Amino acid sequence: MSTKPTTRLILETLLPHLKVAAAYANVLQPKIAALPAKEQGNNFFSAALTDADVAIQNLVEVVLLGTFPDIRFYGEEYESSNNTKYFRATELGSEGDYLVTLDPIDGTKFYMDGHSNYQIILSILNADEFEAVIAISPAQNIYFYALRGEGAFKGTLDMNLEACAPLDITSAKPSILLGWGMNSIAHLLKDRYKVIDIATDYSSDIQIPNLNGILSGDLSGAVIKSGKFLDSAALAFIAKEAGWIVTTLDGSTLPPLHTCQNYSLPGLIVAASKSVHQDLLEAMQSFRSAEC
């Protein structure tokens, strides 16, 4: 098989295995026992780690090494993986030399607490931009995917890529999600939106929208402090391919991936419309003016 497969071929090859991983995650969720918390991270979301994170990453690594042995790969649980050393590289390559990334359980805290809005997120990155993202919601029996310049799509887990329908998220609820560290702008938005602050509103008992609520219509916008390639930036890419507006926190166009550090874009504004984007941008500008 070619050492430079197309993005669609990579997705088509991995999808059956990702569906197995989804079934595994779904079955394991009620039984899951947390491993010791990861040392990195400064919040209870980034510190969460389960057996499912490690096992799903191992599965994807085995498939990639057995099918596309020369591909670049970076998984969130690279420190816990015995396979990391066998990949050619874990960082971005030159144009056309794709990097596959994986967040085996995005929303691990949600997963551990029995909520249904966790995902498995796999992305294919070029030097400048995402080429493709697939985000699977095992407990909801759905998945979303997007290919660069080809739009975004939604389907159930019994569908192949071609059977999925174009993703339409134009009728989003007037709710805004503020990522960790963004609660300072909440008061500037509460007169127009239901504001969900992930740091203070998270509940182990009552499910609140995760960032993937931008794909389900549960959110009309989000403000994220750091757009990690593995999760928030990947979901923002799907939203952008579905017609949403995605910029940095000052309203600028997103920079090329290869100019970013630590597998992260700068902070993100993700909005369903120009009016929502303007409201979020003005809130950020007001907050920064008050700081000066």
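- Going by what an unreviewed UniProt entry lists, the chain is known as Inositol-1-monophosphatase and is assigned to Nostoc punctiforme NIES-2108.
- The chain has a UniProt comment under Cofactor (unreviewed entry) that states "Mg(2+)".

Structural notes on the domain arrangement of the chain
Step number 1: Each assigned domain of the chain is listed here: domain 1 (7–166) and domain 2 (175–291).
Step number 2: Across the contact, 43 residues belong to domain 1 and 30 residues belong to domain 2.
Step number 3: Of the roughly 2,900 Å² buried between domain 1 and domain 2 on both sides combined, carbon and sulfur atoms contribute 65%.
Step number 4: Summed over the three residues of domain 1 that lose the most area to domain 2, namely His115, Asn117 and Phe130, the buried surface amounts to 19% of that side.
Step number 5: Taken together, domain 1 and domain 2 are joined by one salt bridge.
Step number 6: Taken together, domain 1 and domain 2 are joined by 15 residue pairs in polar contact (both at pLDDT 80 or more).
Step number 7: Secondary-structure elements contributing two or more residues to the side of domain 1 that touches domain 2 are β2 (99–106), α3 (108–112), β3 (119–125), β4 (130–137), β5 (142–147) and β6 (151–156).
Step number 8: A per-class count over the side of domain 1 that touches domain 2 returns 19 nonpolar, 13 polar and 11 charged.

Quick word on the nonpolar core
Step number 1: Judged by nonpolar contacts, the single largest core of 41 residues is most densely connected at Phe130, Ile214, Leu215, Ile238 and Val270.
Step number 2: For this core, the secondary structure elements donating two or more residues are β3, β4, β5, α5 (213–216), β10 (221–224), α6 (232–241) and β14 (268–271).
Step number 3: Looking at this core, you find at least three residues from each of domain 1 (7–166) and domain 2 (175–291).
Step number 4: When sequence neighbours within four positions are dropped, the list of residues in contact with Ile238 reads Val133, Ala135, Phe144, Ala146, Ala152, Leu167 and Leu215.
Step number 5: Judged by nonpolar contacts, the second largest core, of 37 residues, contains Leu11, Leu14, Ala132 and Cys164.

The rules behind the values
Residues numbered from 1 in each chain as written. Predicted model: local features only at pLDDT ≥ 70, side-chain atom pairs only at ≥ 80, totals over all residues. Heavy atoms only, no water. UniProt positions renumbered as here; feature names shortened; annotations may be inferred. Domains from an automatic or database assignment. Contact = heavy atoms within 4.5 Å. Buried area = accessible area lost by both parts, 1.4 Å probe. Salt bridge = Lys/Arg side-chain N within 4 Å of Asp/Glu carboxyl O. Polar contact = N/O pair within 3.5 Å; in protein donor to acceptor, adjacent residues only side chain to side chain. Helix = DSSP H or I, 4+ residues; strand = E, 2+ residues; numbered from the N terminus. Nonpolar A, V, L, I, M, F, W, Y, C, P; charged D, E, K, R; others polar. Core = buried A, V, L, I, M, F, W, Y, C linked by side-chain atoms within 4.5 Å. Buried < 20%, exposed > 50% of the residue type's maximum accessible area, 1.4 Å probe, protein only.

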